[in-house]
Amino acid sequence: MKKIVTELKIKVPFYDLDPMNIVWHGNYVKYLEQARCDFFDKLGYNYMQMHADGVMYPIAKMDFKFIKSAKFNDNLIIRCILKELEPAIIIKYEIMTESGEKILSAHTMQIAVSTKTGETLYEAPEVLKKAVLG
């Protein structure tokens, strides 16, 4: 499998802050979701295409390491690195400031599930395999 890395830049909005004027920890889930959707768009096989092919990829596991807090108006870079494709998609994330300071690292695991039967699938769709394997 070739190494696939994407980056998404976001600016922290005011409404993502908590009473301590830092990004509320739960909003990092949203940031990873934005980056993951961008990852699949750039790969050329997004969630809507997967669903049309009868596959969905719900999150089965998330792991976060909070290193430093992001603040209002910070420009963040969210890097996605594909680690595994089968039997589950595992993506590593790094969130950094635009100066390169790492503020968070995370991993997600997504399991392929049939939209028709709800059963777990242990192989990725061929379209996804081709997009990843080149």
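Notes on the structure in this doc start here. (Residues numbered from 1 in each chain as written. Predicted model: local features only at pLDDT ≥ 70, side-chain atom pairs only at ≥ 80, totals over all residues. Heavy atoms only, no water.)

## Examining a nonpolar patch on the surface
(1) Moving on: On the surface, Val29, Ile59 and Met62 cluster together into a nonpolar patch covering about 200 Å² of accessible area.
(2) Moving on: With respect to the element layout, Ile59 can be found in strand S3 (residues 59–66).
(3) Moving on: The class for Ile59 is partly exposed, based on a relative accessible area of 33%. (Patch = residues over 30% accessible without salt bridge, like charges linked within 9 Å, V, L, I, M, F, W, Y side chains within 5 Å. Areas by Shrake-Rupley, 256 points an atom, 1.4 Å probe, with all protein chains shown as cover. Salt bridge = Lys/Arg side-chain N within 4 Å of Asp/Glu carboxyl O. Helix = DSSP H or I, 4+ residues; strand = E, 2+ residues; numbered from the N terminus. Buried < 20%, exposed > 50% of the residue type's maximum accessible area, 1.4 Å probe, protein only.)

## Some words on the packing of aromatic side chains
(1) Moving on: A complete count under the given rule lists 6 aromatic pairs for this structure.
(2) Moving on: Between Phe14 and Phe72 the ring centres are 5.7 Å apart and the planes differ by 85°, which places this aromatic pair in the edge-to-face class. Taken as a pair, Phe14 in the loop between strand S1 (5–11) and helix H1 (27–43) and Phe72 in the loop between S3 and strand S4 (75–84) lie far apart in primary sequence, 58 residues in all.
(3) Moving on: Classification of Phe14 by relative accessible area gives exposed; the value is 58%.
(4) Moving on: Where Tyr28 meets Phe66, the ring centres are 5.6 Å apart and the plane angle is 70°; that geometry is what we call edge-to-face. A residue pair is termed long-range when its members are at least 10 positions apart, and Tyr28 in helix H1 and Phe66 in strand S3 qualify at 38 residues.
(5) Moving on: Residue classification places Tyr28 among the buried positions, given a relative accessible area of 2%.
(6) Moving on: Residue class for Phe66 comes out partly exposed when judged on its relative accessible area of 45%.
(7) Moving on: Taken together through their ring pairs, the aromatic side chains of Tyr28, Tyr31, Phe64 and Phe66 make up a single cluster. (Phe/Tyr/Trp six-rings, centres within 6.5 Å; stacked < 30°, edge-to-face > 60°.)

## Some words on the sheet that holds strand S6 (residues 102–111)
(1) Moving on: A sheet is described by the order of its strands in space; here 5 strands give the open sequence S1-S4-S5-S6-S3, paired in antiparallel fashion. Every interior strand has two partners, whereas the edge strands, S1 and S3, have only one. Taken over all neighbouring pairs, the strand axes of this sheet differ in orientation by 20° on average, direction set aside. (Pairing = 2+ DSSP bridges. Axes fitted to C-alpha atoms, helices over the stretch in contact; angles between N-to-C directions.)

Coordinates in, geometry out; function isn't part of it.
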